[in-house]
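Residue strings, one per chain:
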Amino acid sequence: MKKQVDILGVPVDMVSRSEAIEEIKKLIETPGLSSVFTPNPEMIMLAQEDEEFLSILKNADLVLPDGIGLLIASKIKGLGLTERVTGIDTMNSLLEYCGRESKTIYLLGGKPGVPDLACKNIENRFTGIKIGGFHDGYFTKDEESGIVNEINSINPDILFVCLGAPKQEKWISQYKHLLKCNLAMGVGGSVDIYAGTAKRAPKIFQKLGMEWFYRLAKEPWRYKRMMSLPRFILKILK
Ligand code: UDP
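Residues numbered from 1 in each chain as written. Predicted model: local features only at pLDDT ≥ 70, side-chain atom pairs only at ≥ 80, totals over all residues. Heavy atoms only, no water.

**Here's the deal with the domain arrangement of the protein**
Under the domain assignment used here, the protein contains domain 1 (14-195) and domain 2 (203-231). Each of domain 1 and domain 2 was reduced to a C-alpha centroid, and the two centroids are 21 Å apart. In this complex, domain 1 contributes seven residues to the contact, which on the side of domain 2 involves eight residues. Between domain 1 and domain 2, the buried area comes to about 700 Å², and carbon and sulfur atoms account for 51% of it. Ranking the residues of domain 1 by area buried against domain 2 places Glu 42, Met 45 and Ile 68 at the top, with a combined share of 61%. On the surface where domain 1 and domain 2 come into contact, there are one salt bridge. Residue Glu 211 pairs with Arg 84 through a salt bridge whose shortest N-O separation is 2.7 Å. Across the domain 1-domain 2 interface, the total number found is one residue pair in polar contact (both at pLDDT 80 or more). Among the elements of the structure, α2 (41-49) and α4 (68-77) are those that each provide at least two residues to the side of domain 1 that touches domain 2. When residues in the side of domain 1 that touches domain 2 are grouped by element, the largest group, four residues, is from α2. (Domains from an automatic or database assignment. Contact = heavy atoms within 4.5 Å. Buried area = accessible area lost by both parts, 1.4 Å probe. Salt bridge = Lys/Arg side-chain N within 4 Å of Asp/Glu carboxyl O. Polar contact = N/O pair within 3.5 Å; in protein donor to acceptor, adjacent residues only side chain to side chain. Helix = DSSP H or I, 4+ residues; strand = E, 2+ residues; numbered from the N terminus.)

The following block contains the structure:
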C-alpha cells in the first residue's frame, strides 16, 4: 500500500527521490497509461479553487512533493515527508534510466523551437535514449487530435508534458484514455532547462530550498504567482 499525506485536500505520496523512481519504473511496466504530477504550493492553492484540477491530482497514480512549501507544511503538521522530490530531478533520473534501458520518450510543450532543442540536448546527454518525437505547446484545439495520433503512432514509454500547471495536468487527464503510452508526467518548465533557454537555480539555492527566491529575482513579474507560497503557509497554519 502506498503511504500518502493529505495537504489541503491533495494526497501527496510519501516517497524519497529513489523510491519515486522505483515507483515510476513499476508504473511504466503496468498496462495502461499512468500519470505522475509534482504539485508545489502554487498548484495546491490552485486546486483549492479548481475542483477539476483537485480531482485530477486526487486520481493521479503518483503525486510527488515538489516545492519546499510542502516540506514546511509537513513539518508544521508533523506529516513525515522526508524530502522534496522535484519534477526536474525526477525527469533527470528517468532520462538516465531511459538511456540505460533504450526507452522511448516524447516531449510535448514549450515555445516553438524549444522542444526540438531540448530533445537534441537530451539525446546527446543521455546516451541510448530514443527520442520518439516532440511538439511545441502552442497548438489549437483542432490540432490536438493530430498530436494524440502522432504520440500513439510512436507509443512512447514516457510522455513528458510541459504546458505549465494546471494545463498540463488537464491535458493528460483529458487524453488519458486515448493516449497509447505507458506514463505521462507533467514537468512544467523543464523543457526550457533542457533546451538551455532557462537556467535552474544554482545548487546552493536548491540545497537551501530557495529556488523560488532565485526564480523571483530572475523573473520578478512572477511575484503575483509566487504570493501563493505565503498564502499556502498561512492556510496550513490555520
Ligand atoms: N507552455 C506551453 N503552452 C502553453 C503555456 C505554457 O507550452 O500554452 C510552456 C511554456 O512555454 C513553458 C512551460 O509551459 O515552457 C512551463 O511554463 P511555466 O514556466 O509557466 O510553468 P512552471 O515551470 O512554473 O510549471
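This is not the end of the story, as more comes after the structure.
**Re the site of the ligand**
Contacts to the ligand come from 16 residues, most closely from Gly 110, Gly 137, Lys 167, Gly 189 and Asp 192. Gly 110 places a polar main-chain atom, nitrogen or oxygen, 2.8 Å from an oxygen atom of the ligand. The separation between an oxygen atom of the ligand and a polar main-chain atom of Gly 189 is 2.9 Å. When the ligand sits alone it has 540 Å² of accessible area, and the protein chains cover 79% of it. The residue inventory of the shell around the ligand, partitioned by class, reads four nonpolar, six polar and six charged. Domain assignment of the residues forming the shell around the ligand places at least three in each of domain 1 (14-195) and domain 2 (203-231). (Near = heavy atom within 4 Å. Areas by Shrake-Rupley, 256 points an atom, 1.4 Å probe, with all protein chains shown as cover. Nonpolar A, V, L, I, M, F, W, Y, C, P; charged D, E, K, R; others polar.)

**Side note on the pairing of strand β6 (residues 130-135)**
Sheet analysis places strand β5 (residues 104-109) next to β6, joined by five bridges and oriented parallel. What sits directly across from Tyr 106, in β6, is Gly 133. In this fold, the crossover linking β5 to β6 by way of helix α6 (residues 114-125) has right-handed handedness. (Pairing = 2+ DSSP bridges. Right-handed = clockwise from strand over helix to strand, strands pointing away.)

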